[in-house]
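# A look at the structure
Chain by chain, the residues:
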Amino acid sequence: MRAIRGIWHWRGNPLRRRTDRWEAWLALGAALLIAVGAPAAGWFAGRAAHGALLTTVRLQRHERRPVWATVTRPASGTRVVPDPDTSVPHPGHPRVLARWAGPDGGPRSGEVATPRPVRAGERFRLWTDAHGRPAPPPMDEGTAGTHAGLAGAGAAVAFGGLVEGARRLAVRQLMVHRFRRWDAAWERAGQDWGRADAGS
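Quantities reported herein were computed from a predicted structural model and do not represent experimental measurements. In this numbering scheme, every chain counts its residues from 1 along its sequence in written order. Totals for whole chains, interfaces and linings use every residue, but because this is a predicted model, local features are given only for residues with pLDDT of at least 70 and side-chain atom pairs only at 80 or more, for both listing and counting. Only heavy atoms go into the side-chain values, all of them from the structure, while hydrogens and water stay out.

## Some remarks on a nonpolar patch on the surface
Patch membership needs two things, relative accessible area over 30% and no salt bridge, and members are linked within 9 Å if like-charged or within 5 Å if nonpolar (Val, Leu, Ile, Met, Phe, Trp, Tyr). Under the convention used here, a 1.4 Å probe and the Shrake-Rupley method define accessible areas, while residue burial counts only the protein chains that appear. Just to be clear on terms, a salt bridge is a Lys or Arg side-chain nitrogen sitting within 4 Å of an Asp or Glu carboxyl oxygen. Together, Phe 179, Trp 182 and Trp 186 make up an exposed nonpolar region whose accessible area comes to about 360 Å². With respect to the helices and strands, the residue Phe 179 is situated in helix α3 (residues 141-189). The helix count covers DSSP runs of H or I at least four residues long, the strand count covers runs of E at least two residues long, and both are numbered beginning at the N terminus.

Now the structure itself:
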């Protein structure tokens, strides 16, 4: 922001260098890009992610269905069951051996996680896929909206970081150019510059 204010303060200063103006205009351009481009990038990314996630929600609702499963017996040991939709482990979900009916009406069985502790012979709701295999519940629209919002926010932050990184790189090049000009000016002034007898 100091560089942006410099556009106004440096306009009539005789010590103003061309690189000072470039640096100030770079800062102004980067600020405008971040102010306008970052929200736009976030909005487009969030909208695209939301559309894709809603398609996933519809697909999962079409392919997955809840069935009644009956507990045969508890499984040996209780393991942590990660949720594939969130990749967050959920401890405390007991695993049991159970049987249920597949989409074709045929029997299915296997080791599954239960939402609560159950005993042999009890029934519980189990989500299965189109082949009758255990599957997590379908994603709901609220979760899809949250994920899309996070994707949009991430895209906005990434866009802003990219613009700021490009601005810093350009300013660094300006500083290198400025230092080279200073070195050349000192070489032209000579090593006796500033001495009382210089030029005598």
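## Some remarks on the packing of aromatic side chains
Aromatic contacts are taken between Phe, Tyr and Trp rings whose centres are within 6.5 Å, Trp giving its six-membered ring; a plane angle under 30 degrees counts as stacked, one over 60 as edge-to-face, and the others as tilted. Per the stated rule, a full pass over the model turns up 1 aromatic pair. Measuring from ring centre to ring centre gives 4.9 Å for Trp 43 and Phe 44, while their planes differ by 80 degrees; the resulting arrangement is edge-to-face. Only protein chains enter the accessibility calculation, which uses a 1.4 Å probe; a residue is then buried when its area is under 20% of its type maximum, exposed when over 50%, and partly exposed in between. Note on Phe 44: relative accessible area 55%, which makes it exposed.

## Regarding the pattern of salt bridges
All told, the structure shown has 8 salt bridges when counted by the stated rule. As a salt-bridge pair, Arg 95 and Glu 111 come within 3.0 Å of each other at their nearest N and O atoms. In this pair, Arg 95 sits in strand β4 (residues 95-101) while Glu 111 sits in strand β5 (residues 107-113), placing the two residues 16 residues apart along the sequence. Linking Asp 104 and Arg 108 is a salt bridge whose minimum nitrogen-to-oxygen distance equals 3.5 Å. For Asp 104, a relative accessible area of 61% gives the class exposed. Owing to a relative accessible area of 24%, Arg 108 belongs among the partly exposed residues under this scheme. Residues joined by salt bridges that share partners form a network here, namely Arg 116, Arg 119 and Glu 122.

## A closer look at the sheet that holds strand β1 (residues 65-74)
What links the strands of a sheet is backbone hydrogen bonding, and the strands pair in either a parallel or an antiparallel sense. Strand pairing requires that DSSP identify at least two bridges connecting the strands. Reading across the sheet, the 4 strands line up as β5-β4-β1-β6 and stay open at both edges, with antiparallel pairing between neighbours. At either end of the open sheet lies a strand with only one pairing partner, and these are β5 and β6 (123-128). For this sheet, the mean angle separating the axes of adjacent strands, direction not counted, is 45 degrees. Direction of pairing for β1 relative to β4: antiparallel, over a ladder of 4 bridges. Along β4, the bridge assignment pairs Val 71 with Ala 98. Fitting a line to C-alpha atoms yields each axis, with helices limited to the stretch in contact; the angle taken between N-to-C directions then spans 0 to 180 degrees.

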